[in-house]
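Coordinate inspection notes
Listed here are the chains, written in short residue letters.
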Amino acid sequence: MPRLDRTQDVVQRLRGHWRLNLSEPLWGRSAILALRRVLDDEAEARLPHRADWCLGPDSFQKLLESLSDSAQIVSLESVLQLHHDQLPRIALTFDGGWRDTLKQVAPTLERMALPANVFLPCPVTQRAWSSWHEAFGEALWHEDTAERAAQQLVEAGLPAPPIVAGSRDEHYSQAIKTYVDELDQSYKPAMLHAVAATLNADAIVSGESLDAFSIRRLEQGGLFRFGSLMPPRFLTQDARALAQLRESQHQLAILCRHPLPIAAYAGGGEDDDLARLATGAGIEHVLTRRTGWLEPPVDTVLLPRFVITQPVANSPGRLFDWLLGNLRS
């Protein structure tokens, strides 16, 4: 880590602990956290191209401990209610329907008796949801898909991706992240999603999504609730999106005894059209990826969440610097 980054990191950590000691701003506050995956290998999760959307077992445990020391981890229903507790209420949400929710997340939460909410792509039986950033990164990272993925990216008119110089290590992972970040700045998301759909990455995600039996098993345990994950709006027309969302709600009603009347949104740029789409499907709230605390009364359709990344999860100071830095006075 460069000296400037190290200095900034220390400042964030110290400022987070200082803000946390000012307990009064947390009185009666509520927030929702958004996570994607928890891998079984901490080193793999910390690779630069994964750090924004993956945690490992150690960082996930550290996140839960940090939150449990200074907040209440509660259900979505509880976090949406007005309260006057001294400790803030925090709800955990997981987007995508990945199988590591069963393998990594569930055992930890069950041991600590903490609730969580999982949002599944539509229809429920499809493979787990990945953003184009994740699809590009994983296709380029894995040896059995990298060469073909690089060829497809170039054929689609995108710049040539980085080439492995030796082993697949942190430097190569950083090169992938830099490449993806540059694409994010230069190309429209709709095009990048279309290219991601063509990547030969089926071998990577095959068998990685939650199956119907696992969904039922987790819900019956009493700690997990399930809702629909809405894809980015630009991937589909409004009429098709509404039909897809209603189908997702229908499948959830078949799979689950108590499906959430709440959906999560996988894209950015939420707007009034998104709110109307959710209302048309009978969905009370949509959890977006817009950063912020819940502001009572919670009477809007689109609600903010804090997206948890690897650096934030690993440092209580940085976690609370970010969370408390977004409090409205």
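Nothing here was measured: the structure is a model prediction, and the numbers come from that model.

**So, the side chain of H285**
Along the polypeptide, H285 turns up in strand β9 (residues 285-287). Look past the residues within four positions of H285 in its chain and what remains in contact with it is L80, P261, I262, A263, V298, T300, V301 and L303.

**Brief notes about the nonpolar core**
In terms of nonpolar packing, the biggest core is built from 41 residues, with L92 and F226 touching the most fellow members. Other than its neighbours up to four places away in sequence, F226 contacts V118, L120, L210, I215, L218, E219, L252, C256, P259 and L260. Counting residues in each nonpolar core, the second largest holds 19 residues, with L47, L153, I176 and V195 among its members.

**With respect to the packing of helix α6 (residues 132-141) against helix α7 (residues 143-155)**
At a minimum axis separation of 5 Å, α6 and α7 run at an interaxial angle of 125°. The orientation of α6 relative to α7 falls into the category oblique. Where α6 abuts α7, its residues F136, E138, A139, L140 and W141 lie against E143, T145, A146, A149, A150 and L153. A per-class count over the contact of α6 with α7 returns 8 nonpolar, 1 polar and 2 charged.

**Some points on the pairing of strand β6 (residues 116-120)**
The buried fraction of β6 is high, at 5 of 5 residues. Judged by which residues are buried, β6 turns out to be covered on both faces: A116, V118 and L120 on one side and N117 and F119 on the other are all buried. Alignment of strand β5 (residues 89-95) against β6, held across 3 bridges, turns out to be parallel. Within β6, the position partnered with F94 by the bridge is V118. Regarding topology, helix α5 (residues 100-112) serves as the crossover connection from β5 to the parallel β6, and that connection is right-handed.

**Considerations on the pattern of salt bridges**
Inspection of every chain in the model, using the stated rule, returns 15 salt bridges. Here R50 ties to E138 by a salt bridge, and the two come within 2.9 Å at their closest N and O atoms. Here the residue R50 occupies a position in the loop between α2 (42-45) and β3 (54-55), and E138 occupies one in helix α6, the gap between them amounting to 88 residues. Classification of R50 as buried rests on a relative accessible area of 5%.

**A look at the pairing of strand β8 (residues 262-265)**
Two faces belong to every sheet, and in a regular strand the side chains alternate between them. Burial along β8 is two-sided: I262 and A264 facing one way and A263 and Y265 facing the other are all buried. The sheet contact formed by strand β7 (residues 224-230) and β8 spans 3 bridges and is parallel. Within β8, the residue paired with S228 across the bridge is A263. Pairing between β8 and β9: 3 bridges, direction parallel. Across the sheet, residue A264 finds its bridge partner in β9, namely L287. You can see the chain leave β8, run along helix α13 (residues 272-280) and come back into β9, and the turn it takes is right-handed.

Scoring rules and cut-offs
- Residues numbered from 1 in each chain as written.
- Predicted model: local features only at pLDDT ≥ 70, side-chain atom pairs only at ≥ 80, totals over all residues.
- Heavy atoms only, no water.
- Helix = DSSP H or I, 4+ residues; strand = E, 2+ residues; numbered from the N terminus.
- Contact = heavy atoms within 4.5 Å.
- Core = buried A, V, L, I, M, F, W, Y, C linked by side-chain atoms within 4.5 Å.
- Buried < 20%, exposed > 50% of the residue type's maximum accessible area, 1.4 Å probe, protein only.
- Axes fitted to C-alpha atoms, helices over the stretch in contact; angles between N-to-C directions.
- Parallel < 35°, antiparallel > 145°, perpendicular 65-115°, else oblique.
- Nonpolar A, V, L, I, M, F, W, Y, C, P; charged D, E, K, R; others polar.
- Pairing = 2+ DSSP bridges.
- Right-handed = clockwise from strand over helix to strand, strands pointing away.
- Salt bridge = Lys/Arg side-chain N within 4 Å of Asp/Glu carboxyl O.

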